[in-house]
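Chain residues, written in single-letter form:
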Amino acid sequence: LLEKEAEAMPQGEPAPEASAAAANAGTSSKIEELTAQAKVAAEANPDNLCAKTLLEAEVQTWMATLPAAKLDELALCAKSGLDNHDSGLGCYAVDPTNYDDLAPFFDRVCEGYHHGGGKVHKTDWSLEGVEGLPADGQLDLQKLGLGKELSMRVRVGRNLTAFPLPGLMTKADRVNFEKTMLKAFDVLKANPAYGGNVYSMTPNDVWKEVTGDAENPNLISADKYKELVAAHVMFKDMAADPYLASAGIASDWPCGRGCYQSADGGFIIWFGEEDQLRIMCMAKGFVLNSVFDRLHTALQAVEAIDGIAFATSSKYGYVTSCPSNLGTGMRASVHVAVPNLTSDGTDAKAKAAAKPLGLSVRGMGGEHTPIGKDGTIDLSPSSRLFITEAEIVT
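Residues numbered from 1 in each chain as written. Predicted model: local features only at pLDDT ≥ 70, side-chain atom pairs only at ≥ 80, totals over all residues. Heavy atoms only, no water.

(A) Spotlight on the overall build of the chain. Scanning the chain from N- to C-terminus turns up 14 helices and ten strands. Its C-alpha atoms give the chain principal-axis dimensions of roughly 95 × 50 × 40 Å. Per-residue burial for the chain yields a buried fraction of 49% across its 394 residues. Sequence-distant contacts, at least 24 apart, represent 69% of the contacts inside the chain between residues at least 6 apart. If you sum the accessible surface of the chain, you get close to 18,900 Å²; carbon and sulfur atoms cover 54% of it. For the chain, the centre of its 35 positive side-chain charges and the centre of its 52 negative side-chain charges are spaced 6 Å apart. (Helix = DSSP H or I, 4+ residues; strand = E, 2+ residues; numbered from the N terminus. Buried < 20%, exposed > 50% of the residue type's maximum accessible area, 1.4 Å probe, protein only. Contact = heavy atoms within 4.5 Å. Areas by Shrake-Rupley, 256 points an atom, 1.4 Å probe, with all protein chains shown as cover. Lys, Arg positive; Asp, Glu negative; His and termini not counted. Charge placed at Lys NZ, Arg CZ, Asp CG, Glu CD.)

If you want it as structure tokens, here you go:
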């Protein structure tokens, strides 16, 4: 009887109990690896939020319940912070669903960074009823006594539901995403209020390999790319950023990367950066409404196109790769000269004065760039999450 049962067992296949044991052993090994890396990172930098969160007892217990595939995905989300110990936040979502299916991790990270206290994000672009808004609804900086036009800009990060987030995208995903966005760019180019051009860095051989088309219709030269970077129209080589490289966001450079720019130069869409889309309006002037309203109108036009739907979370609003940008995904800023606060050649005093007001200070070229020689800084509200678009711009 035992011989017959043995003959009946499928040959070459492990028993179910053996498969389960092997899977459990693999999961335990992965958790031990993540825990060891997190301990090293936390010891090197106690403020590394990703590492601290992974070491919490509740998160350790939860990780033990994850199937192998989800544990691997969590490891990808945490990789940047575990590789780069000096990270402050240290993690990036790699799929639009991560804020839900990896909630025990990301909820703690978001609370540690945003201090939401259980809030749910709400989206609202309407300026109606906003406290302190002038009667005419115009946010005119001249009325605050400013006599010189300021550089004003508003940008948002967006990702589509149809693709993984940049950290998990394959080369084919990146190129197919770019091709998907060409429909939106065609709509904008046909609109007299925008017009403009698309500038792509995807090489022709890769474009043909993925799409089957002989040539990338928007491919630019290396010299044109340098020109656009120098003009702050295009983003820099992401492969040189160790945080984005560890996160997988910089992979396959420069495939699927480029930008759209309107004819007047004041509206730009980066594609293939930290988020699939970085959409921005900029202008020199006094009335903040001009860039705010133009951006809102353009976003509505883009999302109205078939096949384009922005990823959202019921709890955190618009989904972004980095948890710091969740919610509105918005950063609204002005360039303003503050010579008395920068007389020592640094922005340290400006940052100290701005922080209690809920404002952030950066250099003229963005984060980790120098201030202007005349003391000009980039000033913006710090919050992205649990604040409305209308509240940010006012």
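(B) Up close: the packing of aromatic side chains. In this structure the tally under the stated criterion is eleven aromatic pairs. Judged by centre distance (5.0 Å) and plane angle (75 degrees), the ring pair of Phe105 and Phe106 falls under edge-to-face. The same class applies to Phe105 and to Phe106, which are both buried. Ring plane angle 85 degrees and centroid distance 5.7 Å describe the contact between Phe163 and Phe177, whose orientation is recorded as edge-to-face. You can see Phe163 sitting in the loop between strand S1 (150–158) and helix H8 (171–190) and its partner Phe177 sitting in helix H8, a full 14 residues away along the chain. Taken together through their ring pairs, the aromatic side chains of Phe185, Tyr194, Tyr260, Phe267 and Phe271 make up a single cluster. Directly above the ring of Phe310 sits Arg158, whose terminal nitrogen or CZ lies 5.9 Å from the centroid. It is Arg158 that lies over the ring of Tyr318; its NZ or CZ is 3.5 Å from the centre. (Phe/Tyr/Trp six-rings, centres within 6.5 Å; stacked < 30°, edge-to-face > 60°. Lys NZ or Arg CZ within 6 Å of the ring centre and 35° of its normal.)

(C) Broad picture of the environment of Cys77. Take Cys77: it is sitting in helix H5 (residues 68–83). The exposure class of Cys77 is buried, given its relative accessible area of 1%. A C-alpha to C-alpha distance of 39 Å links Cys77 and Glu128, two positions 51 residues apart in sequence. Contact partners of Cys77, with chain neighbours within four places excluded, come to Gly90, Cys91, Tyr92, Ala93, Val94, Asn98, Leu102 and Phe106.

(D) Seen up close, the packing of H8 against helix H9 (residues 204–211). At a minimum axis separation of 10 Å, H8 and H9 run at an interaxial angle of 85 degrees. Of the possible angle classes, the one that applies to H8 and H9 is roughly perpendicular. Mapping the contact onto sequence places Lys171, Ala172, Val175, Asn176, Glu178, Lys179 and Leu182 in H8 and Val206, Trp207, Glu209, Val210 and Thr211 in H9. Of the residues belonging to the contact of H8 with H9, the class tally is six nonpolar, two polar and four charged. (Axes fitted to C-alpha atoms, helices over the stretch in contact; angles between N-to-C directions. Parallel < 35°, antiparallel > 145°, perpendicular 65-115°, else oblique. Nonpolar A, V, L, I, M, F, W, Y, C, P; charged D, E, K, R; others polar.)

(E) Highlighting the nonpolar core. Of all hydrophobic cores here, the largest spans 56 residues; its most connected members are Leu54, Met63, Leu74, Phe105 and Met234. Secondary-structure elements contributing two or more residues to this core are helix H2 (16–44), helix H3 (49–54), helix H4 (57–63), H5, helix H7 (103–114), helix H10 (222–230), strand S4 (267–271) and strand S5 (277–285). It is H5 that provides the largest number of residues to this core, a total of six residues. Not counting the four nearest positions on each side in its chain, Met234 is found in contact with Tyr199, Met201, Ile220, Tyr225, Leu228, Val229, Gly258, Cys259 and Trp270. Counting residues in each nonpolar core, the second largest holds 49 residues, with Leu127, Leu150, Ile387 and Ala390 among its members. (Core = buried A, V, L, I, M, F, W, Y, C linked by side-chain atoms within 4.5 Å.)

(F) Examining the pattern of salt bridges more closely. Counted according to the given criterion, the structure contains 15 salt bridges. When the shortest N-O distance is used, the salt bridge between Arg294 and Asp264 registers 3.1 Å. With Arg294 in helix H12 (residues 289–303) and Asp264 in the loop between strand S3 (258–261) and S4, the pair connects residues that are 30 residues apart, well separated along the chain. The exposed category is assigned to Asp264, whose relative accessible area is 52%. Taking the shortest distance from any N to any O, the salt bridge between Arg278 and Glu273 comes out at 3.6 Å. Each of the two residues, Arg278 as well as Glu273, counts as buried. What emerges from the salt-bridge pattern is a single network uniting Glu273, Glu274, Asp275 and Arg278. (Salt bridge = Lys/Arg side-chain N within 4 Å of Asp/Glu carboxyl O.)

Take it as geometry only, folks, not as evidence of what the structure does.
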